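Okay, here's what each chain looks like letter by letter:
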Amino acid sequence: MPEDSLTIVDNRTSTSYTIPIKNGAIRAMDLRQIKTGPEDFGMLSYDPAFMNTASCESRITFIDGDKGILLYRGYPIDQLAESCTYLEVAYLVLNGELPSRAQLDEWAQEITQHTLLHENIKKVLEGFHYDAHPMAVLASTVAALSTLYPEARNIQDPKVRHLEICRLIGKMPTIAAYAYRHSLGLPYVYPDNDLSYTENFMNMLWKKTELKFRPSPVLARALDVLFILHADHEQNCSANAMRSVGSSHADPYLSTAGAAAALSGPLHGGANEEVLIMLDEIGSKDKIPAFIARVKAGECKLMGFGHRVYKNYDPRARIIARIANEVFEVTGRNPKIDIALELERIALEDEYFVKRKLYPNVDFYSGIIYEAMGFRPAMFTVLFAIPRTSGWLAQWQELLQDSAQKIARPRQLYLGSPRRDFVPMAQRSA
Ligand code: ACO
């Protein structure tokens, strides 16, 4: 019997099957040979929410959830956050290697060239109500880009893919800033090519009548680090949406819109907004024990806590908690940090959270920083989507280059009614 194999005995038929193990996994398709007879379709694996299913081989991001380790292309997240810019990390995530100085300059130049939005997009934005949720605006506007770049459908051409990747990474901050200014009734600000990726975003958000907007270097760096921390996170809900939509060979704009839609939910990227709403509701430290009691009674969740993969402290949350202090030195302290720190302290000592290995995730502290910088909670998930675009596109590109991939199409276990004949209206019971 080969050492790297699994022997399964089907007790229904007393038949034994030997299935190869590769990279610590068996192929679900190898189960199909397990049948009770020629009429039997074959064994399926049942895994709602992909709790134990690897949907791809990937070389982009590694997470060890038990140890709280996160690597992009092998590099620890804390080292990248310490030493890189977001665009450098985006290059790494997309291309597999850190860029040389010349490569980084060329990459930054390419992205900068694509920050402008077609004027038609302004008309698209005008159609949205002033209080539309910015994530709905972002997802819809990204989808609308597909109408402007029909060549993007040519997904098998590497040159076209590269162009669309540059356009998406370049235009995402512009769309986000336009959505923000639309909600406030402010005129749109065109990109400023003299500024870095993050500075330019701040310029498009906050420039008023001054001739040149000069962002605080501390806040620009903090935002850049936050962008690095959000660049990719392997097969999360939105990356899976990107791959799933992309597997039908939809163009990258529509696939990214699908990924953004997945990110918007409160169980995923939308949690950062929910954390702030929760902290507002709690209001003060003395109300925390009563709130924790409600969480333990199952009445609500402690938003920003828990993760499908991390069963230890999310390393990104640790870095975010550190940069919060640097931001507060410029903006003044956001008093919600004290409620959050106390919530964390109590939760990490409480048996309910300890037993379930629930730790703060990336969304627990990020919103407090964003709010101190002047963002309102509805914008928080947009701030997640901008940098995650590089991760989505890296996942999409890897999918298209992987010969093992096909259209994503899961099976189901049908438990509904067996075949039956149509009943005319007059014969149906009330
Ligand atoms: N508050 C209270 N209890 C929780 C929380 C929480 N935040 N998260 C999980 N639990 C409990 C569950 O009720 C469950 O308890 P049980 O075993 O008694 O039924 C147990 O912990 C396991 O949780 P699951 O929901 O099975 O874990 P799953 O992996 O499916 O969900 C998720 C992960 C969605 C992140 C969940 O922890 C959650 O809803 N957290 C709050 C929302 C949040 O912060 N999301 C952001 C995640 S990070 C990101 O996407 C960027």
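Scroll up to find the structure.
Residues numbered from 1 in each chain as written. Predicted model: local features only at pLDDT ≥ 70, side-chain atom pairs only at ≥ 80, totals over all residues. Heavy atoms only, no water.

What to know about the overall build of the chain
Reasoning step 1: Looking only at helices and strands, the chain features 17 helices and 5 strands.
Reasoning step 2: Computed over the C-alpha atoms, the radius of gyration of the chain is 24 Å, within 12% of the 22 Å expected from 2.2 N^0.38 for a compact globule of 430 residues.
Reasoning step 3: The principal-axis extent of the C-alpha atoms belonging to the chain is close to 80 × 65 × 55 Å.
Reasoning step 4: Counting across all 430 residues of the chain, residues that qualify as buried make up 50%.
Reasoning step 5: For the chain, the share of sequence-separated contacts (at least 6 apart) that also reach a separation of at least 24 residues comes to 70%.
Reasoning step 6: Looking at the chain as shown, the accessible area adds up to about 21900 Å², and 53% of this sits on carbon and sulfur atoms. (Helix = DSSP H or I, 4+ residues; strand = E, 2+ residues; numbered from the N terminus. Rg over C-alpha atoms; globule rule 2.2 N^0.38 Å. Buried < 20%, exposed > 50% of the residue type's maximum accessible area, 1.4 Å probe, protein only. Contact = heavy atoms within 4.5 Å. Areas by Shrake-Rupley, 256 points an atom, 1.4 Å probe, with all protein chains shown as cover.)

Details of the sheet that holds strand β5 (residues 75–76)
Reasoning step 1: In space, the 3 strands of this open sheet follow the order β3-β4-β5, with antiparallel pairing throughout. With partners counted over all chains shown, the strands left at the sheet margins are β3 (61–64) and β5, one partner each. (Pairing = 2+ DSSP bridges.)

Observations regarding the site of the ligand
Reasoning step 1: In the vicinity of the ligand there are 20 residues, among which His 268, Lys 301, Leu 302, Gly 304 and Arg 308 approach most closely.
Reasoning step 2: Within the side chain of His 268, one N or O atom sits 2.7 Å away from an oxygen atom of the ligand.
Reasoning step 3: In this structure, Tyr 352 approaches the ligand through a side-chain N or O atom, which is 3.0 Å from a nitrogen atom.
Reasoning step 4: Relative to its unbound accessible surface of 920 Å², the ligand loses 72% to contact with the protein.
Reasoning step 5: When grouped by side-chain class, the residues that make up the shell around the ligand number 11 nonpolar, 5 polar and 4 charged. (Near = heavy atom within 4 Å. Polar contact = N/O pair within 3.5 Å; in protein donor to acceptor, adjacent residues only side chain to side chain. Nonpolar A, V, L, I, M, F, W, Y, C, P; charged D, E, K, R; others polar.)

Concerning the packing of aromatic side chains
Reasoning step 1: Applying the stated criterion across every chain, the model contains 15 aromatic pairs.
Reasoning step 2: Between Tyr 91 and Trp 107, the aromatic rings sit 5.9 Å apart at their centres with planes inclined by 75°, giving edge-to-face as the arrangement. Here the residue Tyr 91 occupies a position in helix α2 (residues 86–95), and Trp 107 occupies one in helix α3 (residues 101–113), the gap between them amounting to 16 residues.
Reasoning step 3: Overall, the relative accessible area of 3% leaves Trp 107 in the buried class.
Reasoning step 4: One aromatic cluster is present, formed by Phe 305, Tyr 352, Phe 353, Phe 364 and Tyr 365 through successive ring pairs.
Reasoning step 5: Residue placement shows Arg 318 over the ring face of Tyr 313; its charged tip is 4.5 Å from the ring centre.
Reasoning step 6: A cation sits over an aromatic face here: Arg 356 above Tyr 352, 3.8 Å from the ring centre. (Phe/Tyr/Trp six-rings, centres within 6.5 Å; stacked < 30°, edge-to-face > 60°. Lys NZ or Arg CZ within 6 Å of the ring centre and 35° of its normal.)

Observations regarding helix α17 (residues 380–400)
Reasoning step 1: With 21 residues, α17 ought to run about 30 Å at 1.5 Å a step, and its terminal C-alpha atoms sit 30 Å apart, in line with that.
Reasoning step 2: Of all the bends in α17, the greatest, near 45°, is centred on Arg 388.
Reasoning step 3: The element α17 is largely enclosed, with a buried count of 21 among its 21 residues. (Expected span 1.5 Å × (residues − 1). Bend = angle between axes of the 7 residues up to and from the residue.)

Overview of the environment of Thr 331
Reasoning step 1: The residue Thr 331 is located in helix α13 (residues 315–331) in this model.
Reasoning step 2: When the C-alpha atoms of Thr 331 and Leu 125 are compared, they prove to be 31 Å apart, with 206 residues separating the residues in sequence.
Reasoning step 3: Leaving out residues up to four positions away in the same chain, Thr 331 has contacts with Leu 219, Ala 372 and Met 373.

Structural notes on the pairing of strand β2 (residues 15–20)
Strand residues, when the strand is regular, have side chains that alternate between the two faces of the sheet.
Reasoning step 1: Here strand β1 (residues 5–10) runs beside β2; their pairing, made up of 6 bridges, is antiparallel. Bridge assignment links Ser 5 to a residue of β2, and that residue is Pro 20.

Let's talk about the environment of Ala 241
Reasoning step 1: Inspection of the secondary structure assignment puts Ala 241 in helix α9 (residues 237–246).
Reasoning step 2: With relative accessibility at 15%, the residue Ala 241 sits in the buried group.
Reasoning step 3: The spacing of Ala 241 and Lys 212 is 29 residues in sequence and 39 Å in space, taken between C-alpha atoms.
Reasoning step 4: Other than its neighbours up to four places away in sequence, Ala 241 contacts Gly 246, Gly 258, Ala 259 and Ala 262.

Let's talk about helix α10 (residues 252–263)
Reasoning step 1: With 12 residues, α10 should reach 16 Å at 1.5 Å per residue; the first-to-last C-alpha distance of 16 Å fits that figure.
Reasoning step 2: In the core, the buried residues of α10 are packed alongside α5 (134–148), α6 (158–184), α9 and α17.
Reasoning step 3: Sitting at the amino-terminal end of α10 is Asp 251, which places a side-chain oxygen 2.7 Å from the backbone nitrogen of Tyr 253.

As for a nonpolar patch on the surface
Reasoning step 1: A surface patch of nonpolar side chains, amounting to about 190 Å² of accessible area, comprises Leu 6, Ile 21 and Ile 26.
Reasoning step 2: Checked against the element boundaries, Ile 21 lands in the loop between β2 and β3.
Reasoning step 3: Residue classification places Ile 21 among the partly exposed residues on the basis of a relative accessible area of 31%. (Patch = residues over 30% accessible without salt bridge, like charges linked within 9 Å, V, L, I, M, F, W, Y side chains within 5 Å. Salt bridge = Lys/Arg side-chain N within 4 Å of Asp/Glu carboxyl O.)

Some thoughts on the pattern of salt bridges
Reasoning step 1: Evaluation of the coordinates by the stated rule reveals 19 salt bridges.
Reasoning step 2: Between Arg 221 and Asp 224 there is a salt bridge; the shortest N-O distance is 3.6 Å. Of this pair, Arg 221 and Asp 224 both sit in helix α8 (residues 217–229), 3 residues apart, roughly one helical turn.
Reasoning step 3: Residue Arg 221 is classed as partly exposed on the basis of its relative accessible area, which comes to 29%.
Reasoning step 4: Glu 371 serves as the salt-bridge partner of Lys 336, at 2.9 Å between the closest nitrogen and oxygen. Residue Lys 336 is located in helix α14 (residues 336–349), and its partner Glu 371 is located in helix α16 (residues 362–373); the two are separated by 35 residues in the primary sequence.
Reasoning step 5: Judged by relative accessible area, which is 22%, Glu 371 ranks as partly exposed.
Reasoning step 6: Via salt bridges that share partners, Glu 151, Glu 164 and Arg 167 belong to a single interconnected network.

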